[in-house]
Amino acid sequence: MVIELLFLALYCVCEGTDCPEVTKECFDPDSQSQGSSSTTLEDIEGRISRLERRLRAVEQPVWQIRGKPGDWEICAEGPCRCRPETKSLSCWRLGLADVPPSQLVPEDIVKLDLGSNQLSALHRDSFLDLTQLNYLDLSDNFLEHLPLSLFFSLRGVTHMRLSSNLLRELHRNQLLRMRRLSVLDISGNRLRTLPEGLFASNDALVLLDLTGNHISSLPPNIFQGLNNLEELLIAKNHLQSLPVGVFRDLLSLGHLRMDENRLKDLPVGVFGNLIELRELNLRDNRITEIQEGSLASLGRLNTLELSNNFVERIHPRAFAGLESLKELQLGQNRINTLPQDLFLSVPALERLILYANSLETLGEHDFKGLARLTSLFLHGNRLRILHPGLLKEIPKLHKLQLEANYLTYLPAHILDATPSIQQIRLARNPWHCDCGSAYLAMWLRKRYADYVAAAGNRLSGVDSSNFWEFGAGAVCRGPGDLGGKLMVQLTFHELCEGQWASMKGLVPRLPVDVIATSASPATDNFTQSL
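Only a predicted model underlies this, so the values are computations on that prediction, with no experimental measurement involved.

The rules behind these values
Residues numbered from 1 in each chain as written. Predicted model: local features only at pLDDT ≥ 70, side-chain atom pairs only at ≥ 80, totals over all residues. Heavy atoms only, no water. pLDDT = per-residue confidence, 0-100. Contact = heavy atoms within 4.5 Å. Disulfide = S-S within 2.5 Å. Helix = DSSP H or I, 4+ residues; strand = E, 2+ residues; numbered from the N terminus. Buried < 20%, exposed > 50% of the residue type's maximum accessible area, 1.4 Å probe, protein only. Core = buried A, V, L, I, M, F, W, Y, C linked by side-chain atoms within 4.5 Å. Salt bridge = Lys/Arg side-chain N within 4 Å of Asp/Glu carboxyl O.

### Quick word on the confidence of the model for the protein chain
- Summary statistics for the protein chain give a mean pLDDT of 85 and a share of 78% for residues scoring 70 or more.
- Contacts from residues 1-8, a stretch scored under 50 in pLDDT, to residues over four places away or in other chains number 16 contacts.
- For the stretch residues 458-462, pLDDT sits under 50, and the model shows five contacts to residues farther than four places along the chain or on other chains.

### Re the state of the cysteines
- One pass over the structure, following the stated rule, counts four disulfides.
- The side chain of C435 participates in a disulfide bridge whose partner is C496; the two sulfur atoms lie 1.8 Å from each other. Pair noted here: C435 is in the loop between strand 23 (431-432) and helix 5 (438-454) and C496 is in helix 6 (residues 492-496), with a separation of 61 residues, a long-range link. When sorted by exposure, C435 lands in the same class as C496, which is buried.

### A closer look at the nonpolar core
- Counting 131 residues, the largest nonpolar core has F127, F151, F223, F247, F271, F319 and F367 as the members making the most contacts within it.
- Those elements giving two or more residues to this core turn out to be helix 4 (71-75), helix 5 and helix 6.
- The element that contributes the greatest number of residues to this core is helix 5, accounting for seven residues.

### Describing the side chain of D71
- Among the secondary structure elements, D71 is positioned in helix 4.
- Sequence-distant contacts of D71, that is, excluding residues within four places in its chain, are made with R66, L104 and P106.

### Quick word on the pattern of salt bridges
- Tallied over the full model, the rule gives 11 salt bridges.
- Between R257 and D259 there is a salt bridge; the shortest N-O distance is 2.6 Å.
- Note on D259: relative accessible area 4%, which makes it buried.
- Between R300 and E276 there is a salt bridge; the shortest N-O distance is 3.0 Å. Residue R300 is found in the loop between strand 13 (289-290) and strand 14 (303-305), and its partner E276 is found in the loop between strand 11 (255-257) and strand 12 (279-281); the two are separated by 24 residues along the sequence.
- The partly exposed category is assigned to R300, whose relative accessible area is 41%.
- Assessed through its relative accessible area of 24%, E276 is described here as partly exposed.
- Residues joined by salt bridges that share partners form a network here, namely E276, R278 and R300.

### Some details on the environment of D366
- One can find D366 in the loop between strand 18 (361-362) and strand 19 (375-377).
- The class of D366 is buried, set by a relative accessible area of 17%.
- The spatial distance from the C-alpha of D366 to the C-alpha of L390 is 7.3 Å, given a sequence separation of 24 residues.
- Beyond its immediate sequence surroundings of up to four residues, D366 is in contact with L338, F343 and T361.

Written as structure tokens, this is what we have:
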């Protein structure tokens, strides 16, 4: 403890600032222990490590900062690149381990780039009196600590990049005087938490990027006052939960990314005031349930990404209030049934992604309410049964993906309800090619004939490989010699082997005109081309 106090006292003398928080830190060593009642050896080592990083910053050289006529000519004599016409100074990618003392920096500089170097520390006076600076880039260095007063002169900065460093902590007054800051990138560091009040004076922020840190929790009021924030990125952290009300002041937020975290649930009301939100990305978390009311306030949401979670339960009214939703991604979850009337609340939905779930059966009204749906992704499920009237609810469907399921047949006439369909994928299903598959085979052949006709029946100018878009990937598993053949190549008689036509009283499975299509010259040419 004695060694720790000596380090702390030395730091306080060297840091020398009028900030009351530093005074508290100097006279209250336990203020760094986050409320711990006892000091362990690990705590002491952590504090000493922090103090060593801060002392290293005190020892750093400082370049010369001046405001005299002719400074831009002298600036050009240093190792960095000076551009008087834009009042910018670029030290980008010069391999600098320290700020070069020989470099003169004019006080009226507007843009300063120190990115992609090897800086591990900065002296607190590195940016002293640069009140006109607008853009500061410190990205892609090895910075572990930022002196508290480092940015105190930067009242004019609107864009600041601190990404891809080794920062483990920020003082809550670090950004205190940067009231014009609109874009702040702190991604790719090692921050474990954010101090309460860090952004208290930054109400001009429009974009805040915290991606790729180690943040495990958010203080309830961390975003207080950020009424103008439009984009918040907290992806690739360790978040396990969200305090209700943490986003309550973000009235202008349009994009929120929290993918690749460890969130287990979405508390009711957590998105309560995000009335302008257009995109919400929660991909790759550990969410098990979507409750009623969790998303109810997001009336302008266009895209909701919930793929690669553990979702098993969805409340029938989980999406109530999402009248503007156009894309819903629920792939790679554990969904085995769709609650009745689940999609009645999302009438504007155009893309529905349900791939890689555990769906086995889809009923007649499972997609009720999706009259505008154009794309449906169901590949990688366990589908065995589709109701014949399944697609009647989605007449505008253009793209249907059914590959990698357990389908042996498609019900007769199921595709008649979607005349505008442009792409269907049926590969990697165990198709049983007998009379039960005749409808699908003839439908595929007729679509190809229509495709050729639309091209003016000029086979030489038609790419037959495009027909895979119409489902030519459907390969027969059997029976007998039909195994391994493309279903689209088989005629009605090959599928039924002539036996069904002689059965008295049998109602034809296909209209005569569809059967006749199978004998069209265009189709025969396609079969030969395969």
